[in-house]
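What follows is the residue order along each chain.
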Amino acid sequence: MGEVSVKKMICPFDCPSSCGLLAEIRDGRIVRVKNDPDHPVSINGICRKMQQYEKNIYSEERILTPLRRTGKKGEGKFEAVSWDEALTEITDRWKVLIAQYGPESILPCMYSGVMSDIQRNCGDAFFNRMGASVLVKTLCSSAKGAGYESVMGKTGCLDPRELKDSDYYIVWGSNLAATRLQTLADLMKPENRHKKKVLIDTYANPTAKYCDQVILINPGTDGALALAMMHVLDKEGMADELFLEQYAEGYELLKKELPKYTPEWAESETGISAAVVRQLAREYGAAKAPAIILGSGNSRHGNGAMTVRLITVLSVLTGAWQRPGGGLCGCTPINTAYVDGTLITRPDFRKQAARRININQLAGALHLTGDEAVRSLYVYAANPVNTVSNQKKLVEGLEREDLFTVVHERFMTDTARYADIILPAAFSAEQSDIYRAYGYCTLGTAWKVVEAPGECKSNWNTFRLLAQYMGYEEPYFQRTEEEMVLYMLDHPTEAAGNCPEEDRQLLRQGGTIAMPLSDHLDIRTKTGKIRIVNEDLKEPVPAYRRNYGGNYPLKLVAAPGIYSLNSTFNERKDLVDSRGAMTLWMHGEDAAVRGIVNGQDIIAYNDLAQVVFKAHVTDRIARGTVVSEGVYTRSQSGNGYTINALNHERLSDMGEATTLNDNTVEVRPA
């Protein structure tokens, strides 16, 4: 055996932290992965999923060569071909489609399979050069961003590292154990353990055991709770009117609306007793530096952006933002660009505007006909069959024989099974890139630490080859990915350019630097004030609006799990076994009236589909609500469909985001 060397990596997956990793390498293979104690975030450790990252990289299920379909779509039968054969077939088909139907007949589909800047976004440059249809990438939390920005503009919210100074925590719609593990570790440190922590969610998610109080809320009614809390704060003189006068605008208009939003009114909407609403508001108002740690689930509704507007306004009402640790955490803490993304996406390559197709409405798009038909789909860094709404209709679209589908992937995902051509993809350890955490003020680089096995290639190197076969000669497509990283470092934004020289050298070597925390009183809106009332919106004064709902009696919520990340890690048997069967949480009363007992096979259904689950009967969930944790594969379902088969394609009020938590179902024994 050779000696062990240690090299730095960065976690590439869809998590706010972008943790720093140390890879122990022997004989050209990673033998162990652990946290980088020098990293600003992962000093607290890393999640179980990444502690054995080498199991993913060296999985026997990994695709190592290009594949061509030999069976029916979805059957999973393929034969190995060379890269030359695959690229020739792909680009020959694209050239014919462009000649016959125009470049907009081709649609890229990607999302958050890799969160580094170059590898995630370089496909935009290729498809801009082609003139293909534009994918609107709003699968996750764009309603949350739009709601926050409508109040705070580009003002940075709390970086989680600032929560040490908070004196009261409301964890609102967030499962820290699954999505913000480092934040949870900080909150449980001895100096913070005595501070009260309140969880507000539709069910007692795994973070509940770390909290002092759990408040169960009806899905989509979080805005009503925020307004009722503001009603109490205003009525009992706990709003900081001096702060609001100096830093905000529009409070007087909102104040006129607050009398009708009583705790008793909120009880009828939220299912939370008026007494609990008052207690929560008074505790929040009495705290000097309370922090709201906001998740994304409550923004995935038809009223999602409005909900976030209201919670954001609540966070400023007591003047908490003027004190260390006070305010809101969970949106972006970054108030300036660390990377010039246009150098990667190259919007200048696109010569004319193209049609836009929202990723949340991909199922409908694959059923367009005539001149509007999507005739080729190129999927990378995504697994839409498991993650995009209206799964049944989406699968029917992928089954079209006239849809030429290419999937760049590491494993035989449920989406890859419908490909005509599969291209083998690289892992983060096998490529180089720049990383910005979306939940922390950090910037990092990670250089390739091992060679990719077989014929696997990164997104960058794949698009370089596709450009070559398409005849694109721009210098952009001639660079290696390492040259592109250096090019980005040589063309920094103002924020990155102002970093100390030692930090800039660290980025060139590989590693992560802590960028300056935002000044939360540097209000970066167009008026220079917090916009409690925003005259640029259709509804200038924030108000409660109900979500879409539906015609079925139970509200359906999709929640993150601790053993997977979106549809990633389903190839890891240890994690799959630990997670167990696909379950649906139900309140005991809801189960009893339907004759359902714990552990029973049940069917959840609506007008879109039927899905088989195991019943998890508990009183730790809001009545009238059902919740499923994590994303499963179709093979792990009793009837081949998963929770996104029950989700409509409707979009949010702002941000064009998913409304996957704004659907209703009925449930019966299987």
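Please refer to the structure placed before this passage.
Observations concerning the overall build of the chain
So, point 1. Per the secondary structure count, the chain includes 24 helices and 27 strands.
So, point 2. What you see for the chain is a C-alpha radius of gyration of 25 Å, in line with the 26 Å of a compact globule of 670 residues.
So, point 3. Its C-alpha atoms give the chain principal-axis dimensions of about 70 × 65 × 55 Å.
So, point 4. Every one of the 670 residues in the chain was classed for burial, and the buried ones make up 62%.
So, point 5. Put simply, of all contacts in the chain between residues at least 6 apart along the chain, 77% involve residues at least 24 apart.
So, point 6. As presented, the chain carries roughly 24,900 Å² of accessible surface, and 48% of it is formed by carbon and sulfur atoms.
So, point 7. Positive and negative charge centroids in the chain, built from 77 and 84 side chains respectively, lie 2 Å apart.

Thoughts on helix 13 (residues 274-286)
An α-helix turns once per 3.6 residues; consequently, residues spaced three or four apart project the same way.
So, point 1. The end-to-end C-alpha distance of helix 13, which contains 13 residues, comes to 18 Å, matching closely the 18 Å that a straight helix rising 1.5 Å per residue would cover.
So, point 2. Regarding helix 13, the residues found buried are A274, V277, L280, A281, Y284 and G285. Each buried residue of helix 13 sits inside an arc of 125 degrees when the element is viewed along its axis, so together they form one side. Of the exposed residues in helix 13, those oriented more than 90 degrees away from the buried face are A275 and A286.

A short note on the sheet that holds strand 24 (residues 601-605)
So, point 1. Pairing is mixed around the closed barrel formed by 6 strands, whose spatial order is 22-26-23-25-24-27. Here the average twist between neighbouring strands, direction ignored, is 45 degrees.
So, point 2. Pairing geometry for strand 23 (residues 583-587) and strand 26 (residues 625-629), over 2 bridges, is antiparallel. Of the residues in strand 26, the one forming a bridge with W585 is V627.

Quick notes on the sheet that holds strand 18 (residues 433-436)
So, point 1. Reading across from one edge, 18-19-20 is the order of the 3 strands in this open sheet, with antiparallel pairing throughout. A single partner strand is all that each edge strand has here, and the edge strands are strand 18 and strand 20 (511-514). Across the sheet, the axes of successive neighbouring strands diverge by a mean angle of 15 degrees, strand direction being ignored.
So, point 2. Note that strand 19 (residues 442-446) and strand 20 share 4 bridges and pair antiparallel.

Examining the state of the cysteines
So, point 1. As enumerated under the stated definition, the model contains 0 disulfides in all.
So, point 2. Unpaired in this structure, C140 has its nearest cysteine sulfur neighbour in C15, at a distance of 11 Å.
So, point 3. According to the relative accessible area criterion, C140 is buried, its value standing at 19%.
So, point 4. In this model C456 remains outside any disulfide bridge; the closest cysteine sulfur is found in C122, 16 Å from its own.

Considerations on the packing of helix 5 (residues 142-152) against helix 14 (residues 304-317)
So, point 1. One way to put it is that helix 5 packs onto helix 14 with a least axis distance of 7 Å and a crossing angle of 45 degrees. Put simply, helix 5 runs oblique to helix 14. Remark: the crossing between helix 5 and helix 14 carries right-handed chirality. Within the contact between the two elements, helix 5 uses A143, K144, G147, Y148, S150, V151 and M152 and helix 14 uses G304, A305, V308, R309, T312, V313 and V316.
So, point 2. Tallied by class, residues from the contact of helix 5 with helix 14 come to 8 nonpolar, 4 polar and 2 charged.

Some words on the pairing of strand 15 (residues 376-380)
So, point 1. Taking burial as the measure, the 5 residues of strand 15 include 5 buried ones, the bulk of the element.
So, point 2. Because side chains alternate across strand 15, one face comprises the buried residues S376, Y378 and Y380, and the other comprises L377 and V379, equally buried.
So, point 3. Examined bridge by bridge, strand 6 (residues 106-109) and strand 15 share 4 bridges and lie parallel to one another. Within strand 15, the position partnered with C109 by the bridge is V379.

Considerations on unusual backbone geometry
So, point 1. In this structure, D27 is a non-glycine residue whose phi angle is positive, near 55 degrees.
So, point 2. By secondary structure assignment, the location of D27 is in the loop between strand 2 (20-26) and strand 3 (29-35).

Quick notes on the pattern of salt bridges
Proximity of charged atoms lets side chains of opposite charge pair with each other.
So, point 1. Evaluated as defined, the whole model comprises 41 salt bridges.
So, point 2. The shortest N-O distance in the salt bridge between E474 and R129 comes to 2.7 Å. Of this pair, E474 sits in the loop between helix 19 (459-470) and helix 20 (481-490) while R129 sits in helix 4 (residues 117-130), and the two are 345 residues apart along the sequence.
So, point 3. When the shortest N-O distance is used, the salt bridge between D186 and K189 registers 3.0 Å.
So, point 4. Judged by its relative accessible area of 30%, K189 is partly exposed.
So, point 5. Among the ionic contacts, a cluster of salt bridges with common partners joins R69, K73, E401 and D420.

Focus on the packing of aromatic side chains
So, point 1. The tally for this structure, following the rule as stated, stands at 25 aromatic pairs.
So, point 2. Relative to F126, the ring of W94 lies with its centre 6.0 Å away and its plane at 45 degrees, an arrangement referred to as tilted. Of this pair, W94 sits in helix 3 (residues 83-101) while F126 sits in helix 4; the two residues are 32 residues apart in sequence, bridging distant segments of the chain. For the pair formed by W94 and F126, the shared burial category is buried.
So, point 3. Ring centres of W265 and Y544 lie 5.4 Å apart, and the angle between their planes is 80 degrees; on these two criteria the pair is classed as edge-to-face. A residue pair is termed long-range when its members are at least 10 positions apart, and W265 in helix 12 (residues 263-270) and Y544 in the loop between strand 21 (530-531) and strand 22 (554-559) qualify at 279 residues.
So, point 4. Chaining the aromatic ring pairs together yields one cluster made of W94, F126, F127, F349, Y378, Y380, W460, F463, Y472, Y476 and F477.
So, point 5. Its guanidinium or amino end placed over the ring of Y58, R29 lies 3.9 Å from that ring's centre, counting from NZ or CZ.

Thoughts on the environment of W94
So, point 1. Of the residues examined, W94 reaches a relative accessible area of 0% and is grouped as buried.
So, point 2. In sequence terms W94 and K555 are 461 residues apart; their C-alpha atoms lie 43 Å from each other.
So, point 3. Those residues in contact with W94, other than ones at most four positions away along the chain, are I106, F126, F127, M130, S376, Y378, F404, L466 and M470.
So, point 4. For W94, the side chain forms a polar contact with the side chain of S376, separated by 2.8 Å.

Observations regarding the side chain of D433
So, point 1. Take D433: it is sitting in strand 18.
So, point 2. Of the side chains bearing the opposite charge, R436 lies closest to the buried D433, which forms no salt bridge; the N-O distance is 8.8 Å.
So, point 3. Setting aside anything within four residues of it in sequence, one finds D433 in contact with S116, D117, I118, Q119, G444, T445, A446 and V485.

Here we look at a nonpolar patch on the surface
So, point 1. Together, V4, V6 and V31 make up an exposed nonpolar region whose accessible area comes to about 210 Å².
So, point 2. Topologically, V6 is positioned in strand 1 (residues 4-10).

Notes on the side chain of N335
So, point 1. Along the chain, N335 falls in the loop between strand 13 (327-329) and helix 15 (342-345).
So, point 2. When sequence neighbours within four positions are dropped, the list of residues in contact with N335 reads K154, T155, G156, S518, D519, D522 and R524.

Cut-offs applied
- Residues numbered from 1 in each chain as written.
- Predicted model: local features only at pLDDT ≥ 70, side-chain atom pairs only at ≥ 80, totals over all residues.
- Heavy atoms only, no water.
- Helix = DSSP H or I, 4+ residues; strand = E, 2+ residues; numbered from the N terminus.
- Rg over C-alpha atoms; globule rule 2.2 N^0.38 Å.
- Buried < 20%, exposed > 50% of the residue type's maximum accessible area, 1.4 Å probe, protein only.
- Contact = heavy atoms within 4.5 Å.
- Areas by Shrake-Rupley, 256 points an atom, 1.4 Å probe, with all protein chains shown as cover.
- Lys, Arg positive; Asp, Glu negative; His and termini not counted.
- Charge placed at Lys NZ, Arg CZ, Asp CG, Glu CD.
- Expected span 1.5 Å × (residues − 1).
- Arc of directions from axis to C-beta.
- Pairing = 2+ DSSP bridges.
- Axes fitted to C-alpha atoms, helices over the stretch in contact; angles between N-to-C directions.
- Disulfide = S-S within 2.5 Å.
- Parallel < 35°, antiparallel > 145°, perpendicular 65-115°, else oblique.
- Left-handed = near helix turned anticlockwise from the far one by under 90°.
- Nonpolar A, V, L, I, M, F, W, Y, C, P; charged D, E, K, R; others polar.
- Salt bridge = Lys/Arg side-chain N within 4 Å of Asp/Glu carboxyl O.
- Phe/Tyr/Trp six-rings, centres within 6.5 Å; stacked < 30°, edge-to-face > 60°.
- Lys NZ or Arg CZ within 6 Å of the ring centre and 35° of its normal.
- Polar contact = N/O pair within 3.5 Å; in protein donor to acceptor, adjacent residues only side chain to side chain.
- Patch = residues over 30% accessible without salt bridge, like charges linked within 9 Å, V, L, I, M, F, W, Y side chains within 5 Å.

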